[in-house]
Amino acid sequence: MSVAELKERHAAATAAVNALREKLKQKRLLLLDTDGEGRSVRIVAGYAKAQSRTAVSFGPTDLVCCRTLQGHTGKVYSLDWTPEKNRIVSASQDGRLIVWNALTSQKTHAIKLPCAWVMTCAFSPTGQSVACGGLDSICSIFNLNSQADKDGNLPVSRMLSGHKGYVSSCQYLPDEDTRLITSSGDQTCMLWDVTTGQRISVFGGEFPSGHTADVLSISINGSNTNMFVSGSCDATARLWDTRIASRAVRTFHGHEGDVNTVKFFPDGQRFGTGSNDGTCRLFDMRTGHQLQVYSQQHGDNEVAIVTSIAFSISGRLLFAGYSNGDCYVWDTLVGKVVLDLGSLQNSHEGRISCLGLSADGSALCTGSWDRNLKIWAFGGHRRVI
């Protein structure tokens, strides 16, 4: 076979592959409930409009910054609340975990980490332990009741080693201090037995239904703790069942950039995502359909990356942190921004890297590259939204 014939066959094969890719793209658009032009149909917003529903209104005292937690000397990367609502753990580029009393702003623990490059942290359900992970590819567990060493440092009580890439996220199963799930740059998630330090299951990796790039975030379903969702640099979110580690239950398409953050909706039937493409999206876990896109231009028409999201107790509000320092409060029903915390007094002066809502929904905590955390309190009837 001549070189010319080989080139001709190669060109034909390339054209066939491109045609198949386009067909696959169109099929995905149909699954995402889009119109013929590829525009997403905003199902939830359409229903709200048909029902003459209006956006939630915020007054000047409905959400205010009541505390600034200062103590980190590096960028804040991650935070988590305890279930009893009054404590927060934060992880920073300064190589420390700090446990805060959210009511008094006092530090109860300052934990020096074996690896300074920490990316994630989480409280155990009882609040007795904290977990963290980062570029050392290990998830380290600290018992807050342990005796400090002679230098005042808290010893590591357990090291969960098995990932072949950085640990990007970790979360305990609700009501189980002995089970924890991690996600990693090695394209997998893992379920661990914290008591023994042994890996129970691997999700992804060599399995064809797994992620094809770094996994950045996970969220466990509070209504069914066997289910969790993961977000990845492959621009997808995937639903997993801890009882079936060999394959993903469903893959969710729609984003055009890394999926940096995922969070289950309070009812456990839907979940939200945030991406490098500047949008948040709401997906139905059962059907795989995209229900809503939350997108709005920022100042100077820039595309700000969504770094972290959280839902209010009822799910009516979606809090989204952005790389430009904005922190939007979205009305999930009508799909509109009802408040930007970045425009309020005492707001952060840098990228919003993480955020989380207290267990009772009465306060929001945000963390930033400005090295601070801020607690935003809801006033009056906003406590129950």
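Every value quoted in this text rests on a predicted model; they were computed, and no experiment measured them.

**A few points about empty space enclosed by the protein**
Right, so step 1: Counted under the stated rule, the structure contains two cavities of 30 Å³ or more.
Right, so step 2: By volume, the largest cavity is sized at about 50 Å³.
Right, so step 3: Taken together, Leu-113, Pro-114, Cys-115, Trp-117, Val-118, Cys-132, Gly-133, Gly-134, Asp-136, Ile-138 and Ser-140 make up the full set of residues lining the largest cavity.
Right, so step 4: Breaking the lining of the largest cavity down by element, the ones donating at least two residues are β7 (129–134) and β8 (138–143).
Right, so step 5: Broken down by class, the residue content of the lining of the largest cavity amounts to seven nonpolar, three polar and one charged.
Right, so step 6: Reported here for the second largest cavity is a volume of approximately 40 Å³.
Right, so step 7: In this structure, the second largest cavity is lined by Gly-325, Cys-327, Leu-341, Gly-342, Ser-347, His-348, Ile-352, Thr-366 and Trp-376.

**Brief notes about the pattern of salt bridges**
Right, so step 1: Tallied over the entire structure, the rule returns eight salt bridges.
Right, so step 2: A salt bridge links Asp-267 to Arg-270, with the nearest nitrogen and oxygen atoms 2.5 Å apart.
Right, so step 3: For Arg-270, a relative accessible area of 24% gives the class partly exposed.
Right, so step 4: Linking Asp-277 and Arg-281 is a salt bridge whose minimum nitrogen-to-oxygen distance equals 3.8 Å.

**A look at unusual backbone geometry**
Right, so step 1: A positive phi is found at Asp-175, a non-glycine position, where the angle reads about 65°.
Right, so step 2: Judged by relative accessible area, Asp-175 falls into the exposed class, the value being 75%.
Right, so step 3: Of note in this structure, Arg-371 is not a glycine but carries a positive phi near 80°.
Right, so step 4: Note on placement: Arg-371 falls in the loop between β27 (363–368) and β28 (373–378).

**Details of the sheet that holds strand β11 (residues 179–184)**
Right, so step 1: One open sheet accounts for four strands, arranged β10-β11-β12-β13; its pairing is antiparallel. Edge positions in the open sheet fall to β10 (167–172) and β13 (198–204), since each of these has one partner strand only. Sheet twist, expressed as the average angle between the axes of neighbouring strands with direction ignored, equals 20°.
Right, so step 2: Where strand β12 (residues 188–193) lies against β13, six bridges are found, and the strand directions are antiparallel. What sits directly across from Cys-189, in β13, is Phe-203.

Thresholds, definitions, all that
- Residues numbered from 1 in each chain as written.
- Predicted model: local features only at pLDDT ≥ 70, side-chain atom pairs only at ≥ 80, totals over all residues.
- Heavy atoms only, no water.
- 1 Å grid on protein atoms, 1.4 Å probe; cavity = no way out; pocket = protein on both sides within 12 Å on 5 of 7 lines; lining within 4 Å.
- Points joined across faces, edges and corners; volume = space filled by probe spheres on them.
- Helix = DSSP H or I, 4+ residues; strand = E, 2+ residues; numbered from the N terminus.
- Nonpolar A, V, L, I, M, F, W, Y, C, P; charged D, E, K, R; others polar.
- Salt bridge = Lys/Arg side-chain N within 4 Å of Asp/Glu carboxyl O.
- Buried < 20%, exposed > 50% of the residue type's maximum accessible area, 1.4 Å probe, protein only.
- Pairing = 2+ DSSP bridges.
- Axes fitted to C-alpha atoms, helices over the stretch in contact; angles between N-to-C directions.

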